[in-house]
Amino acid sequence: MIVFKPARPLSMHLTKEINSGKKAGFVPTMGALHEGHISLIRASVQLNDLTICSIFINPTQFNNNDDFQNYPVTIAQDIEKLEAAGCDILFLPPVQEIYRDGFKAKHYELGLIEQKMEGEHRPGHFQGVCQVVDRLLDIVHASQLFLGQKDFQQCIVIRKLLELTGRNETLEMVMMPTIRENDGLAMSSRNVRLNEKERVLSTAIFHALSHIKQGFATISPEALKQAAKIYLESKGFAPDYVEILSAKTLETPGNNNEQQVALIAATVGTTRLIDNMVLN
Ligand code: AMP
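The text that follows walks through the structure, step by step, so that each part is easy to find. (Residues numbered from 1 in each chain as written. Predicted model: local features only at pLDDT ≥ 70, side-chain atom pairs only at ≥ 80, totals over all residues. Heavy atoms only, no water.)

This part is about the packing of helix α1 (residues 7–19) against helix α7 (residues 125–139). Orientation of α1 relative to α7, taken along the N-to-C sense of each, is 55°, at an axis distance of 8 Å. Considering the angle they form, α1 stands oblique to α7. Contacts between α1 and α7 involve Ala7, Leu10, Ser11 and Leu14 on the former and, on the latter, Arg135, Asp138 and Ile139. Taken together, the residues that form the contact of α1 with α7 break down as four nonpolar, one polar and two charged. (Axes fitted to C-alpha atoms, helices over the stretch in contact; angles between N-to-C directions. Helix = DSSP H or I, 4+ residues; strand = E, 2+ residues; numbered from the N terminus. Parallel < 35°, antiparallel > 145°, perpendicular 65-115°, else oblique. Contact = heavy atoms within 4.5 Å. Nonpolar A, V, L, I, M, F, W, Y, C, P; charged D, E, K, R; others polar.)

Rendered as structure tokens:
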């Protein structure tokens, strides 16, 4: 695996490879890699001649400075995992390579999507996500972009970003399923922050989503959401939201034939977790 820190040599290398007929897949991450990330790498390796992973803890998408400062960093282990999975290139930029001198934040017209759920509870988060993804895609020329369903709303936002920037004409977004621990907890870099007791309680989110899925055909969405909130609170969680929305648009579903997704964000102790499940 080749590691690039500056952006220009990476772009030049990729242009050469792509001009010689190679197809490239890109997996952007913030590091502290786990099986969820690695599943994206494996998918890209299978479908492409070249796989590029980036590790960049993007300051502009954090609205909580403690969360940013304490974000786990495990570069040596990350490199081992990426090599074992067959990743070809790791892009590990310093902040100045992403946000160059004189950088002016663009505003992306994301519409209502950035005012709900993660957008509402983490103001500015999706603008930061768009800034970094837009910049990364300027540098990393790929034909497939691999994202995890774990961050469902982020996938919808990035799909919108690709449309807004016209990148959707040359870049395919591939959403890969959420990888879970054996007890159902969605893998996340932030899970290392859970203490032993919180780790046991943390399966409540997966159970709440599973209950919603079980009841989906017969019970009203309002009743399902209410029961999920009460259940989460009984397990020591402070829920930010429980939503049941159209999986395509993340708006209120028009009818039950539409594919729908349940989405939860909730905090246990000081750790905020998100998860979702497609219901039909
Ligand atoms: P992050 O490092 O948290 O920014 O995540 C990088 C990418 O990995 C994003 O597309 C995430 O949605 C994806 N990802 C994170 N956790 C999981 C998981 N448990 N299963 C599948 N994909 C994941």
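Helix length check: helix α2 (residues 35–47) (13 residues) gives 18 Å between terminal C-alpha atoms against 18 Å at 1.5 Å per residue, within 8%. Check the buried side of α2 and you find it contacts β2 (24–29), β3 (50–55), α4 (75–85), β5 (144–148) and β6 (172–176). (Expected span 1.5 Å × (residues − 1).)

In this section: the nonpolar core. Phe91 and Leu250 are the most contacted members of the largest nonpolar core, which totals 45 residues. In terms of residue count, α7 provides more of this core than any other element does, eight residues in total. Counting only domains with at least three residues in this core, you end up with domain 1 (2–176) and domain 2 (189–275). The contacts of Leu250, once residues within four sequence positions are left out, are Ile113, Lys116, Met117, Phe152, Gln153, Ile156, Leu245, Val261 and Leu263. In this structure, Leu185, Ala204, Val242 and Ala262 belong to the second largest nonpolar core, which totals 21 residues. (Core = buried A, V, L, I, M, F, W, Y, C linked by side-chain atoms within 4.5 Å. Buried < 20%, exposed > 50% of the residue type's maximum accessible area, 1.4 Å probe, protein only. Domains from an automatic or database assignment.)

Attention now moves to the side chain of Thr29. Within the secondary structure, Thr29 sits in strand β2. Classification of Thr29 as buried rests on a relative accessible area of 8%. A distance of 2.8 Å separates a polar atom in the side chain of Thr29 from the backbone oxygen of Ser54. Non-local contacts of Thr29, meaning those with residues more than four positions away in its chain, are made with His37, Cys53, Ser54, Ile55 and Phe56. (Polar contact = N/O pair within 3.5 Å; in protein donor to acceptor, adjacent residues only side chain to side chain.)

Inspection of the region around the ligand gives 16 residues, with Met30, His37, Asp151, Ile179 and Met187 positioned closest. Here a nitrogen atom of the ligand sits 2.8 Å away from a polar atom, N or O, in the main chain of Ile179. Taking Met187, its main chain carries an N or O atom lying 2.9 Å from a nitrogen atom of the ligand. Computed on the free molecule, the ligand has an accessible area of 490 Å², of which 93% lies beneath the protein chains in the complex. Sorting the residues of the shell around the ligand by element identifies β2, α2 and β5 as the ones contributing at least two each. At three residues, α2 tops the list of elements feeding residues into the shell around the ligand. Classifying every residue of the shell around the ligand gives eight nonpolar, six polar and two charged. (Near = heavy atom within 4 Å. Areas by Shrake-Rupley, 256 points an atom, 1.4 Å probe, with all protein chains shown as cover.)

None of the figures reported here should be taken as evidence of function without further support.
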